[in-house]
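In case you want the letters, here they are:
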Amino acid sequence: MEYKQGDCPTKIISLHDLPVGKLATVSSIQAAGLTRRRMLDLGLVPGTRVKALRISPAGDPKAYRIRGAVIAFRKEEAQQILINYKGE
Amino acid sequence: MNRVAICSGLNELLEEADQINPGGSLNLNDSVVSTIYSRAEEIAGGVVTSQGKPPVDWDKVLDDILTSRVFGFPSMLLLLAVVFWITVAGANVPSEMLATGLFWIQERLTECLVWLHAPAWVNGLFVEGIYRCLAWVVSVMLPPMAIFFPCFTLLEDMGYLPRIAFNLDNLFKKAGAHGKQSLTMSMGFGCNAAGVVACRIIESPRERLIAMLTNNFVPCNGRFPTLIALAGLLVMGATTFFGATLIVVGIVVFGIMTTLAVSWLLSKTLLKGVPSSFTLELPPYRKPQLGRVITRSIFDRTLFVLRRAVFVAMPAGAVVWLSANIHIGGVSILTHCANWLNPFGQLLGMDGYILMAFVLGLPANEIVLPILIMSYMATGSMLELDSLEALRQLFAGHGWTWLTAVCMMLFSLLHYPCCTTLWTISKESGSFKWTVLAALIPLGIAITICFTVAQCASFLGWI
Amino acid sequence: MGLTNQSSGSGAIKERFGWGQNTRADYVIALAGNPNTGKSTVFNALTGLNQHTGNWPGKTVLLAEGHYIHQCLTYKLIDLPGTYSLMANSVEEQVARDYLCFGRPDATVVVLDATCLERNLNLALQVMEITTRLIVCVNLVDEAQRKKIQIDYDALAAKLGVPVVPTAARSGVGLEQLIKAVSGIVTGSIETKPYVVRYKKEIENAICRLEPKIKQLVGEALNARWLALRLLDRDQTVIDAVENWLAREDRLTTGIKEVVLA
């Protein structure tokens, strides 16, 4: 679980687009209302590190490691979470 | 202070709060949650030290297999098959031993009554009616339950059920249902009433109703022994266990497909809507506590379900015996009813007695097969029944073919849920309409499918 | 997930049939925690086979109930639904929060997962905003050891200002100490000084303005600082709950008056 801010420019993408095995930090949550509050409760506050772990054999949802727990989001939810990703 | 004073006091406070934070300009929730999490991070950072990684990350290893693109679904089927195989193979011997023992006791009871010069109807009603029905329920139901429940609880304790939800979620999403429905479905394997209660974890009322109305399509423990016995009848011979397991797995998969299809239909018609948001935690796997699992599933589940079945079996046994022995116009009531239901039963690939058994089995699915056996025995000549082979002869004597067994399995899988489940649905949904629909929708589907299968088979000349 | 045997095994059926019984208890202890922290294991280990599940009237999510006896006193244990937070964004969270706030247990045990302390502390800090009488039980220490995670429990207790008891409920490790800590809290022989989370200045100022007025209305019975935050956030579930609570308190006091007058 190492993530260093390098020289490579970070780009903002949705959590859903984070490749499996890669790390990123939460930038902002686009959802509003109850969905937003629930995402915050899961620990998805700006700056939180997330790692994409695996994809369901049926293609969706994807599982992420968030503050020590493994949590699966469907595509619709993961797309509402923006992350800073230092791609290669 | 009265209600009005309370409200005005509270309202003043709220107005004040609104002035301080007009229109939520403080962005309170975001800020509060972030602050608490960062404090938690600080505190944890100060007291936790990690001394390198453990040698093997078992969660990752297991998940890499159980949720992988290649092995995810096959491993799910394999686990299901293994559990059923253990149940089928393990239940056989104890079942026969129980039957032999309990029917030995029945003979002694009869002898005892003869010695006491009791009237014949006493022996009939109490021994041939009530006791025999009880003996059937215990010997047919207890061994498979006592094996299946611990196996199932083991998977539950390990943390496998959320993985099933993870694997199947996309299918449920496409059916317009909630991802947690696969969890309530898994609970339904144990008991549909418990599955319906578990639907509370689904928050959207629309999706909760879909889950409640379709929970019945996974065969509960009361129906497994019936399915297992019928599957055993279909594949008599050396490969019994293997073949029976395959058939039961096939039936379960068919039930899951029906669940998805009916969920999809419901979300397109009666319960229109889009899937609500959903998150699922995949907890770490835990080593199950074998001892606790076994005692818990025996005492909490097996004995509870068995007790319920026994209470239902006693009056049912009496009813069957009475209706087989009270004659109107020279024919028993049982035969009258069965004859009346027979044309309809034949259309569905079954007969009147089978439908009667399903009707009388409404209080508990466990007693359907025992009632059927009793009805056949009351009208046939056979008095001794102690093995699967004997059961096959009894059924064959009543004109059974492979189609009868298949149709009865399908009907058992799909028909209305038992009384307890219906009552639970009415409690949980708080609606008479949905309770009635929870019985009628499965019944309609069961009739349609059995009719189609039976008519196709006879049209194609398979029978 | 809420999918334990209590919520969906025979316990649920018992509850449906209304077989839950009420046992007289000297103290009521609430058990809170994230899902999958072994909370139910702690519950079962403490209550033993004495456990039966009861129904909390009017609630849609089950609260399992059991009891244990320590030094001739009966402790009733309420197993709250497992939640990540108490912000009441789901039914489970609302039930847990309402019980902690308005059920007023004599003590609350927050069960934390030692392998995942940071996430779990989030809930502990939220519980500490509501009640001061709490014990932190760090469970699954055996798992943590296996994962080579070390925790300084004394430092944690000093930081949080409440007793911290490490346990491995599955093998029964630490339960004695937990029972002792609970009895210390309910009898008052252990004093707690829970850590208070301070927010940014605007929010703290807002709390300061509202807090005294809340104290006027509800007295010392409810936590005014926490209520201020919830009212500022316009949390309708809390507003309704406070209204009901006030009405109930009112009924109780007038009820007593009527008895005296009669």
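Below: a short report on this structure. Note that the coordinates shown come from a computational prediction; the quantities given were computed from them, not determined experimentally.

What follows is about the pattern of salt bridges. Working definition: two side chains of opposite charge can pair if their charged atoms are close together. Scanning all chains against the criterion turns up 29 salt bridges over all chains. In this structure, the salt-bridge partner of glutamate 42 of chain B is arginine 39 of chain B, at a minimum N-O distance of 3.2 Å. Of this pair, glutamate 42 of chain B and arginine 39 of chain B are both found in helix 2 (residues 28-47), three residues apart, which corresponds to roughly one turn of the helix. One salt bridge in this structure joins arginine 108 of chain B and glutamate 111 of chain B, with 3.0 Å as the shortest N-O distance. Remark: glutamate 111 of chain B and arginine 108 of chain B occur in helix 4 (residues 72-115); sequence separation between them is three residues, near one turn of the helix. Owing to a relative accessible area of 47%, glutamate 111 of chain B belongs among the partly exposed residues under this scheme. Members of the salt-bridge network, linked through shared partners, are Arg37 of chain A together with Arg97, Asp98, Arg230, Asp233 and Asp235 of chain C.

Counting from both sides, the interface comprises 10 residues of chain A and, opposite them, 11 residues of chain C. Carbon and sulfur atoms make up 37% of the area that chain A and chain C hide from each other, which totals about 910 Å². On the chain A side of the interface with chain C, the three residues burying the most area are Arg37, Asp41 and Arg67 of chain A, jointly 62% of the side's total. For the pair chain A and chain C, the number of links is two salt bridges. Here arginine 67 of chain A and glutamate 118 of chain C are joined by a salt bridge, their closest N and O atoms 2.6 Å apart. Among the elements of the structure, helix 1 (33-41) and strand 5 (69-73) of chain A are those that each provide at least two residues to the side of chain A that touches chain C. If one sorts the elements of the side of chain A that touches chain C by residue count, helix 1 of chain A sits on top with four residues.

Formed by 129 residues in total, the largest nonpolar core has its most connected members in Met350, Leu372, Phe395, Trp400 and Met408 of chain B. Other than its neighbours up to four places away in sequence, phenylalanine 395 of chain B contacts Leu230, Leu233, Leu369, Leu372, Ile373, Tyr376 and Trp400 of chain B. Counting 98 residues, the second largest nonpolar core, distinct from the first, contains Ile71 of chain A, Ala44 of chain B together with Val110 and Leu117 of chain C.

The next thing to look at is the interface of chain C and chain B. Where the parts come together, the accessible area they lose is often given as the size of the interface. The interface is formed by 75 residues belonging to chain C together with 66 residues belonging to chain B. Roughly 6,700 Å² of surface becomes buried between chain C and chain B when both sides are summed, with 62% attributable to carbon and sulfur atoms. The interface formed by chain C and chain B holds four salt bridges in total. Linking chain C with chain B are eight residue pairs in polar contact (both at pLDDT 80 or more), by the criterion used here. Taken together, the residues of the side of chain C that touches chain B break down into 36 nonpolar, 16 polar and 23 charged.

A word on unusual backbone geometry. The linkage connecting aspartate 60 of chain A with the following residue, proline 61 of chain A, adopts the cis geometry, with an omega of 0 degrees. Among the structural elements, proline 61 of chain A can be located in the loop between strand 3 (49-55) and strand 4 (62-66). In the Ramachandran plot, glutamine 71 of chain C falls in the positive-phi region, its phi being about 50 degrees despite a non-glycine side chain. If you trace the backbone, glutamine 71 of chain C turns up in the loop between strand 3 (63-70) and strand 4 (73-79). Its identity is not glycine, yet lysine 148 of chain C carries a phi of approximately 60 degrees, on the positive side. Relative to the assigned elements, lysine 148 of chain C resides in the loop between helix 6 (141-146) and strand 7 (149-151). With relative accessibility at 36%, the residue lysine 148 of chain C sits in the partly exposed group.

With that out of the way, let us pick up the sheet that holds strand 5 of chain A. Strand-to-strand pairing in sheets goes through backbone hydrogen bonds, with the strands running parallel or antiparallel. Pairing is antiparallel across the open sheet formed by seven strands, whose spatial order is 1(A)-6(A)-2(A)-3(A)-4(A)-5(A)-2(B). One side of each edge strand has no neighbouring strand; the edge strands of this open sheet are strand 1 (11-14) of chain A together with strand 2 (279-281) of chain B. Between one strand and the next, the sheet's axes are offset by a mean angle of 40 degrees, whatever the strand orientation. Here three bridges tie strand 5 of chain A to strand 2 of chain B, and the two strands are oriented antiparallel to one another. Along strand 2 of chain B, the bridge assignment pairs alanine 72 of chain A with leucine 280 of chain B.

Picture a little ball the size of a water molecule; that probe, rolled over the atoms, points out where space is still empty. Residue and element names in this part refer to chain B. Throughout the structure, instances matching the rule amount to four cavities of 30 Å³ or more. In terms of lining, the largest cavity is formed by 16 residues, of which the most central are Cys191, Cys220, Val305, Arg308 and Glu366. Listed by contribution, the elements that provide at least two residues to the lining of the largest cavity are helix 8 (192-198), helix 12 (290-325) and helix 18 (419-429). Among the elements that line the lining of the largest cavity, the one with the most residues is helix 12, at three residues. Tallied by class, the residues present in the lining of the largest cavity amount to seven nonpolar, seven polar and two charged.

The rules behind these values
- Residues numbered from 1 in each chain as written.
- Chains lettered and ligands numbered in written order.
- Predicted model: local features only at pLDDT ≥ 70, side-chain atom pairs only at ≥ 80, totals over all residues.
- Heavy atoms only, no water.
- Salt bridge = Lys/Arg side-chain N within 4 Å of Asp/Glu carboxyl O.
- Helix = DSSP H or I, 4+ residues; strand = E, 2+ residues; numbered from the N terminus.
- Buried < 20%, exposed > 50% of the residue type's maximum accessible area, 1.4 Å probe, protein only.
- Contact = heavy atoms within 4.5 Å.
- Buried area = accessible area lost by both parts, 1.4 Å probe.
- Core = buried A, V, L, I, M, F, W, Y, C linked by side-chain atoms within 4.5 Å.
- Polar contact = N/O pair within 3.5 Å; in protein donor to acceptor, adjacent residues only side chain to side chain.
- Nonpolar A, V, L, I, M, F, W, Y, C, P; charged D, E, K, R; others polar.
- Pairing = 2+ DSSP bridges.
- Axes fitted to C-alpha atoms, helices over the stretch in contact; angles between N-to-C directions.
- 1 Å grid on protein atoms, 1.4 Å probe; cavity = no way out; pocket = protein on both sides within 12 Å on 5 of 7 lines; lining within 4 Å.
- Points joined across faces, edges and corners; volume = space filled by probe spheres on them.

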